[in-house]
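Take a look at the letters that make up each chain.
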Amino acid sequence: MKKVLIIAFYFPPCINMGAQRPYRLAKYLSSNGWEPIILTKTLPGKPPDGIRIIETPYKDVIGTLKSSFGFDRQKGIHEQMHIQESKNYSHSAWKSKIIKIMREIIAFPDDFIGWQKFALESACELLDNVRIDAIISTSYPVTSHVIASKLKRKYRIPWVADFRDLWTQNHYVRKYRLIHLAEKFLEKKTLSGADLLVTVHPLTDMLREMHRDKNALCITNGYDPADYPETELQLSGKFSITYTGILYAGKRDPSMLFRVIDQLIQDRKIDRDRLEINFIGCSEKWLREEVKSYGLEKIVRIQGMIPREEALRIQRESQVLLIIRWNNKKEEQIIPGKLFEYFGARRPILAIGAGGVVQDILEKTQTGRFADNDKSLSDIILQYYREYMGDGTVSYSGNQTVVDYTYPSIARQYAEVLNTLPC
């Protein structure tokens, strides 16, 4: 069986969403003729069984920087310097500018550059003793690609650079101009040795525009059927709407939802005692303040990061699952990873904000509805609520066989791609 080295900073039991793609690929690639070997940092617990994993030390560059200035390594600098952050926060204050510039210079190209030395040492030890037929590096962090690039130059092994988010073309990340230009130069230099670029979003044209001599493919994220037993869970007794994930400092803005819910309550079209809204994975102060401004404190439950298994259970028990999109033109081609988890939960999906590819997928799979304004959102929520009041549940009628987004299928696609790489 051929062997593939997967370079992934995040891997279970790490609860970061970025750990799921390399894990699920590794889990199912072995059924498609490729034995995976994972290169990752020291894990915070016992990793999944049945996969060969090489764990390496990791130097926390940002933590070291905090300590050198007398800060707590585990807390944010803004919090410790009492600098207010809000949904509309910008780096206009001089203290914030200094923090941002220092961070971007010291942690170039990302916060995890301190992993590179250790990862390279372990990878070279492996490659000197074991035949590896292909390398996959997955980002974020992009340090994974820097490591893979160095390995490609030394060992001439076929290499796929896998992007869960784009590098310098990521519209969620803004850096100072000179640093951004330096990073673009680094991206082009790093990826010049890649045999193939893969993105989870339909952004292949953007990648080809920047890397004109490269082939680029879209292989989406997915969900693992093994995470979703056939046994059905008891749905929430309330009309529950659940969001899981981060909000990117309010770029994914829930205010339209709060505004519409508040109005429906005032119009007595929805009973506030029947309603429950969950935000899981985000606990920013500005979110709590916004909830309070609409008088929804007893309705909206805000939780930070929780174990993945618990988040999946809450999704399956919810009446409706929520996706919030940034109202940005570039967002239209972004597919959030949580969409696929929601497919696995088999509950109706409500997406708000920018339309684009998510709207197309929801319509094609018949798994949910999309709203881009207050009126359409109000109509959808009211329709769901009336169904809940009449039947005790919001019905699910998804046709997910139209497009197969399971990881066994996605790993099969990936194996076919690996088989085409030059020997």
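Since this is a predicted model, take the numbers as computed values, not measurements.

Calculation rules
Residues numbered from 1 in each chain as written. Predicted model: local features only at pLDDT ≥ 70, side-chain atom pairs only at ≥ 80, totals over all residues. Heavy atoms only, no water. Helix = DSSP H or I, 4+ residues; strand = E, 2+ residues; numbered from the N terminus. Rg over C-alpha atoms; globule rule 2.2 N^0.38 Å. Buried < 20%, exposed > 50% of the residue type's maximum accessible area, 1.4 Å probe, protein only. Areas by Shrake-Rupley, 256 points an atom, 1.4 Å probe, with all protein chains shown as cover. Lys, Arg positive; Asp, Glu negative; His and termini not counted. Charge placed at Lys NZ, Arg CZ, Asp CG, Glu CD. Axes fitted to C-alpha atoms, helices over the stretch in contact; angles between N-to-C directions. Left-handed = near helix turned anticlockwise from the far one by under 90°. Contact = heavy atoms within 4.5 Å. Pairing = 2+ DSSP bridges. Phe/Tyr/Trp six-rings, centres within 6.5 Å; stacked < 30°, edge-to-face > 60°. Lys NZ or Arg CZ within 6 Å of the ring centre and 35° of its normal. Salt bridge = Lys/Arg side-chain N within 4 Å of Asp/Glu carboxyl O. Right-handed = clockwise from strand over helix to strand, strands pointing away.

> Please set out the overall build of the chain residue by residue, giving values where relevant.
A count of helices and strands for the chain gives 15 helices and 13 strands. Against the 2.2 N^0.38 benchmark of 22 Å for 423 residues, the chain shows a C-alpha radius of gyration of 22 Å, consistent with a compact globule. Its C-alpha atoms put the chain at 70 × 55 × 40 Å along the principal axes. Counting across all 423 residues of the chain, residues that qualify as buried make up 54%. Carbon and sulfur atoms make up 49% of the accessible area of the chain, which totals about 19700 Å². Across the chain, the centroid of the 61 positively charged side chains sits 4 Å from that of the 51 negatively charged ones.

> Summarise the packing of helix α5 (residues 116-127) against helix α6 (residues 143-155); cite the residues concerned and give the values.
Axis separation between α5 and α6 bottoms out at 10 Å; the angle between their running directions is 35°. For the pair α5 and α6, the crossing hand works out as right-handed. Across the interface between the two elements, Gln116, Ala119, Leu120, Ala123, Cys124 and Leu127 from α5 touch Thr143, Val146, Ile147, Lys150, Leu151, Lys154 and Tyr155 from α6.

> Can you lay out the sheet that holds strand β5 (residues 159-163) for me, pointing to particular residues and giving the numbers?
Strand order in this open sheet of 7 strands is β3-β2-β1-β4-β5-β6-β7, and the pairing throughout is parallel. Two strands close off the open sheet at either side, each with one partner strand: β3 (52-56) and β7 (216-218). Across this sheet, the average inter-strand angle for adjacent strands is 20°, counted without regard to direction. One ladder, built from 4 bridges, connects strand β1 (residues 2-7) with strand β4 (residues 134-139); its direction is parallel. In the strand pairing of β4, Val4 is matched with Ala134.

> Go over the environment of Phe9 with me, naming the residues and quoting the values.
Inspection of the secondary structure assignment puts Phe9 in the loop between β1 and α1 (20-29). We classify Phe9 as buried; its relative accessible area is 2%. In the structure, Phe9 is positioned 332 residues away from Glu341 in sequence and 21 Å away in space, judged by C-alpha atoms. Setting aside residues no more than four positions away along its own chain, Phe9 makes contact with Thr40, Lys41, Tyr58, Phe112, Trp115, Pro141 and Ser144.

> Tell me about the packing of aromatic side chains, and please be specific about residues and values.
The description of an aromatic ring pair rests on the distance of the ring centres and on the angle between the ring planes. The final tally for this structure, using the stated rule, is 20 aromatic pairs. Centre to centre, the rings of Phe9 and Tyr10 are 5.1 Å apart; their planes meet at 90°, and the pair counts as edge-to-face. There is no split in this pair, since Phe9 and Tyr10 are both buried. Ring centres of Tyr243 and Phe279 lie 5.7 Å apart, and the angle between their planes is 40°; this geometry places the pair in the tilted category. Of this pair, Tyr243 sits in strand β8 (residues 239-244) while Phe279 sits in strand β9 (residues 275-280), and the two are 36 residues apart along the sequence. Note on accessibility: Tyr243 and Phe279 belong to one class, buried. In this structure an aromatic cluster arises from ring pairing among Phe9, Tyr10, Tyr58, Phe112, Trp115 and Tyr140. We note Lys117 situated over the ring of Phe118; from NZ or CZ to the ring centre the distance is 4.9 Å.

> Explain the pattern of salt bridges to me, using residue names and the numbers behind them.
What the rule picks out here adds up to 21 salt bridges. As a salt-bridge pair, Asp162 and Arg21 come within 2.9 Å of each other at their nearest N and O atoms. With a gap of 141 residues between them, Asp162 in strand β5 and Arg21 in helix α1 connect regions that are remote in the sequence. The class for Arg21 is buried, based on a relative accessible area of 2%.

> Can you lay out the sheet that holds strand β12 (residues 349-352) for me, pointing to particular residues and giving the numbers?
Strand order in this open sheet of 6 strands is β10-β9-β8-β11-β12-β13, and the pairing throughout is parallel. Of all strands in the sheet, those with a lone pairing partner are β10 (300-303) and β13 (368-371), marking the two edges. Across this sheet, the average inter-strand angle for adjacent strands is 20°, counted without regard to direction. The pairing of β12 with β13 spans 4 bridges and is classified as parallel. Paired with Leu350 across the strands is Arg369, a residue of β13. Sitting on the sheet, helix α14 (residues 374-391) is in contact with β8, β11 (320-324), β12 and β13, with an inclination near 150° to β13.

> Tell me what's going on with unusual backbone geometry, and back it up with residues and numbers.
Cis geometry marks the peptide bond from Pro12 to Pro13, where omega comes out at 15°. Mapped onto the secondary structure, Pro13 falls in the loop between β1 and α1. Omega for the bond connecting Ser139 with Tyr140 falls within 30 degrees of zero, at 15°, which places this linkage in the cis form. In this fold, Tyr140 is placed in the loop between β4 and α6. Of note in the backbone geometry, Arg156 takes a positive phi value of approximately 55° without being a glycine.

> Tell me about the pairing of strand β2 (residues 34-41), residues and numbers included.
Most of β2 sits inside the fold, with 7 of its 8 residues counted as buried. The sheet contact formed by β1 and β2 spans 6 bridges and is parallel. Each bridged residue has a counterpart across the sheet, and for Lys2 the counterpart in β2 is Trp34. The parallel pair β1 and β2, bridged by α1, forms a crossover whose chirality is right-handed. Pairing of β2 with β3, which is carried by 5 bridges, proceeds in the parallel orientation. Bridging from a neighbouring strand, Leu39 pairs with Ile54 of β3.

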